[in-house]
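If you want the building blocks of each chain, they are given just below.
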Amino acid sequence: MKSIGKTVSAAVLAAMMLFSLCSCNSSSQSNDGSLNVEGTWKRALNEDDYHGSGADFYRNYLDNLSAKDTTLSFGADKKLTISAKVDGADKSVETTYSATADAVSFSDVNGLVAGSAGSYTLKMKNDKLVVDSESLNYICFVKQ
């Protein structure tokens, strides 16, 4: 009787672990294995890596960019809308993005992300999308 109980308990535990792994995987990866970033993300300071005076310096830099309240809205159709307030006016641009297993890449022709036009790659780190550039990794985006 004890061995049947242990067997049933082991089977239930294994099933729970399997469902748990599947649900975690679906939230961070798409069906094709690429990073799932669908939804809206807001620009913030990457406080995981910047503290004290360094954080203050970069926070001031972000606060003084002409583009305020920058958001990235990733769609299921690989379309991206980059939005921000610039000089008090709402501004947005649509582009496309590509995703790999651990990163998402896109172009920002208006410089709304970091103050200058360019192509950007963001990597997932601690549930944040961090700009994958040594000179810009203080910029991250947090899921809304």
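See the structure above.
Residues numbered from 1 in each chain as written. Predicted model: local features only at pLDDT ≥ 70, side-chain atom pairs only at ≥ 80, totals over all residues. Heavy atoms only, no water.

## Examining the overall build of the protein
On a plain count of helices and strands, the protein comes out with 2 helices and 8 strands. The buried share of the protein, taken over its 144 residues, is 29%. Total accessible area computed for the protein in this model is approximately 8700 Å², and 54% of it derives from carbon and sulfur atoms. (Helix = DSSP H or I, 4+ residues; strand = E, 2+ residues; numbered from the N terminus. Buried < 20%, exposed > 50% of the residue type's maximum accessible area, 1.4 Å probe, protein only. Areas by Shrake-Rupley, 256 points an atom, 1.4 Å probe, with all protein chains shown as cover.)

## Observations concerning the pattern of salt bridges
In the structure shown here, the tally under the stated rule is 7 salt bridges. For K42, the salt bridge is made with D69, and the minimal N-O distance between the two is 3.6 Å. Residue K42 is found in strand β1 (residues 39–45), and its partner D69 is found in strand β2 (residues 67–74); the two are separated by 27 residues along the sequence. With a relative accessible area of 31%, K42 lands in the partly exposed category. Close ionic contact of D90 with K85 constitutes a salt bridge, the shortest N to O distance being 2.8 Å. Here the salt bridges do not stand alone but share partners, grouping E47, D56 and R59 into one network. (Salt bridge = Lys/Arg side-chain N within 4 Å of Asp/Glu carboxyl O.)

## A few points about the packing of aromatic side chains
Applying the stated rule across the entire model yields 8 aromatic pairs. Note on Y50 and Y138: the rings are 6.3 Å apart at their centroids and 90° apart in plane angle, and the pair reads as edge-to-face. Linking Y50 in the loop between β1 and α2 (52–63) with Y138 in the loop between β7 (128–131) and β8 (139–143), this pair joins segments that are 88 residues apart in sequence. Ring geometry for F74 and F106: centres 6.5 Å apart, planes at 70°, overall edge-to-face. Placement of F74 in strand β2 and of F106 in strand β5 (residues 103–108) is noted, with a sequence separation of 32 residues between them. Classification of F74 by relative accessible area gives buried; the value is 4%. (Phe/Tyr/Trp six-rings, centres within 6.5 Å; stacked < 30°, edge-to-face > 60°.)

## Some details on the sheet that holds strand β4 (residues 89–99)
Taken together, 8 strands build a closed barrel; the order of strands is β1-β2-β3-β4-β5-β6-β7-β8 and the barrel is antiparallel. When strand polarity is set aside, the average angle formed by the axes of neighbouring strands in this sheet is 30°. The pairing of strand β3 (residues 79–86) with β4 spans 8 bridges and is classified as antiparallel. Bridging across to β4, T81 finds its partner in E94. Strands β1, β2 and β8 of the sheet are contacted by α2, whose axis makes an angle of about 125° with β1. (Pairing = 2+ DSSP bridges. Axes fitted to C-alpha atoms, helices over the stretch in contact; angles between N-to-C directions. Contact = heavy atoms within 4.5 Å.)

## Regarding the layout of surface pockets
When its volume is computed, the largest pocket comes out at roughly 170 Å³. In terms of lining residues, the largest pocket is bounded by K42, R43, A44, L45, R59, L62, D63, K68, D69 and T70. Elements supplying a minimum of two residues to the lining of the largest pocket: β1, α2 and β2. Among the elements that make up the lining of the largest pocket, the one with the highest residue count is β1 (4 residues). Its residues placed into classes, the lining of the largest pocket shows 3 nonpolar, 1 polar and 6 charged. (1 Å grid on protein atoms, 1.4 Å probe; cavity = no way out; pocket = protein on both sides within 12 Å on 5 of 7 lines; lining within 4 Å. Points joined across faces, edges and corners; volume = space filled by probe spheres on them. Nonpolar A, V, L, I, M, F, W, Y, C, P; charged D, E, K, R; others polar.)

## Observations regarding the pairing of β8
In the sheet, β1 pairs with β8 via 5 bridges, with the strands oriented antiparallel. Its bridge partner being in β8, R43 is matched across the sheet by F141.

## Regarding the side chain of N46
Tracing the backbone shows N46 in the loop between β1 and α2. Among the residues examined, N46 registers a relative accessible area of 0% and is labelled buried. Polar side-chain contacts of N46 include one of 3.2 Å to the side chain of D49. Not counting the four nearest positions on each side in its chain, N46 is found in contact with V130, N137, Y138, I139 and C140. (Polar contact = N/O pair within 3.5 Å; in protein donor to acceptor, adjacent residues only side chain to side chain.)

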